[in-house]
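Coordinates in review
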Amino acid sequence: IACNDDRPTVLNAIQEFLNDRSLNVVPISDPVKALMQVMRCRPDLILLDVTMPNLDGYELCSLLRRHPSFRKTSVIATVISVFAFSCRRAIAGGG
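Residues numbered from 1 in each chain as written. Predicted model: local features only at pLDDT ≥ 70, side-chain atom pairs only at ≥ 80, totals over all residues. Heavy atoms only, no water.

Overview of the overall build of the protein chain
From N to C terminus, the protein chain includes four helices and four strands. For the protein chain, the sequential pattern of α-helices and β-strands runs β-α-β-α-β-α-β-α. With 95 residues in all, the protein chain has 35% of them scored as buried. A fraction of 65% describes how many contacts in the protein chain between residues 6 or more apart in sequence connect residues 24 or more apart. As displayed, the protein chain has an accessible area near 5,700 Å², and 57% of this comes from carbon and sulfur atoms. (Helix = DSSP H or I, 4+ residues; strand = E, 2+ residues; numbered from the N terminus. Buried < 20%, exposed > 50% of the residue type's maximum accessible area, 1.4 Å probe, protein only. Contact = heavy atoms within 4.5 Å. Areas by Shrake-Rupley, 256 points an atom, 1.4 Å probe, with all protein chains shown as cover.)

Printed below as a string of structure tokens:
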């Protein structure tokens, strides 16, 4: 599982939670480097923070969907507050 979030506390909490369930987590804190890191680790699941600076989760998901290896990879958009607009935008980006 690749987990992309620019907030260390959130990234650590998700990593601890999933590691406790024997799931391998690749933490990614830099949204600009995320695309290359995801391509290297080829995860079965990607968790994306939709509100990251420079390259948000919507944009990253859209870039990933253009790559043949990630067209069918499951992506979960994570956000602190859920608004209908955010959900529609995540789905439109391929999440």
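Having seen the structure, we can now continue with the description.
Considering the pattern of salt bridges
Inspection of the entire model under this criterion finds two salt bridges. The partner of Arg7 in a salt bridge is Asp5, with the nearest N and O atoms 2.8 Å apart. Of the residues examined, Asp5 reaches a relative accessible area of 1% and is grouped as buried. Arg7 is paired through a salt bridge with Asp49; the nearest N and O atoms lie 3.6 Å apart. You can see Arg7 sitting in the loop between β1 (2-4) and α1 (8-19) and its partner Asp49 sitting in strand β3 (residues 45-49), a full 42 residues away along the chain. Looking at Asp49, the relative accessible area reads 1%, which means it is buried. (Salt bridge = Lys/Arg side-chain N within 4 Å of Asp/Glu carboxyl O.)

Focus: the confidence of the model for the protein chain
Per-residue confidence for the protein chain gives a mean pLDDT of 85, with 87% of residues at or over 70. Mean pLDDT across the elements of the protein chain bottoms out in helix α4 (residues 84-92) (65) and peaks in strand β2 (residues 26-28) (94). (pLDDT = per-residue confidence, 0-100.)

Thoughts on the sheet that holds β1
The sheet built from four strands is open, its strands ordered β2-β1-β3-β4 with parallel pairing. Of all the strands in the sheet, the pair left with one neighbour each is β2 and β4 (74-78). Strand after strand, the sheet turns through a mean of 15° between neighbouring axes, direction not considered. In this structure, β1 lies alongside β3, joined through three bridges in parallel fashion. What sits directly across from Cys3, in β3, is Leu47. Along the sheet face, α1 touches β1, β2 and β3 and points at about 170° away from the line of β2. (Pairing = 2+ DSSP bridges. Axes fitted to C-alpha atoms, helices over the stretch in contact; angles between N-to-C directions.)

Notes on α1
Every α-helix winds through 3.6 residues per turn, so residues three or four apart in the chain are directed the same way. Spanning 12 residues, α1 covers 16 Å between terminal C-alpha atoms, matching the ideal 16 Å at 1.5 Å per step. Turning to α1, its buried residues are Leu11, Ile14 and Leu18. When α1 is viewed along its axis, its buried side chains cluster within an angular range of 70° and face the same direction. In α1, the exposed positions that point more than 90 degrees away from the buried face belong to Pro8, Thr9 and Glu16. (Expected span 1.5 Å × (residues − 1). Arc of directions from axis to C-beta.)

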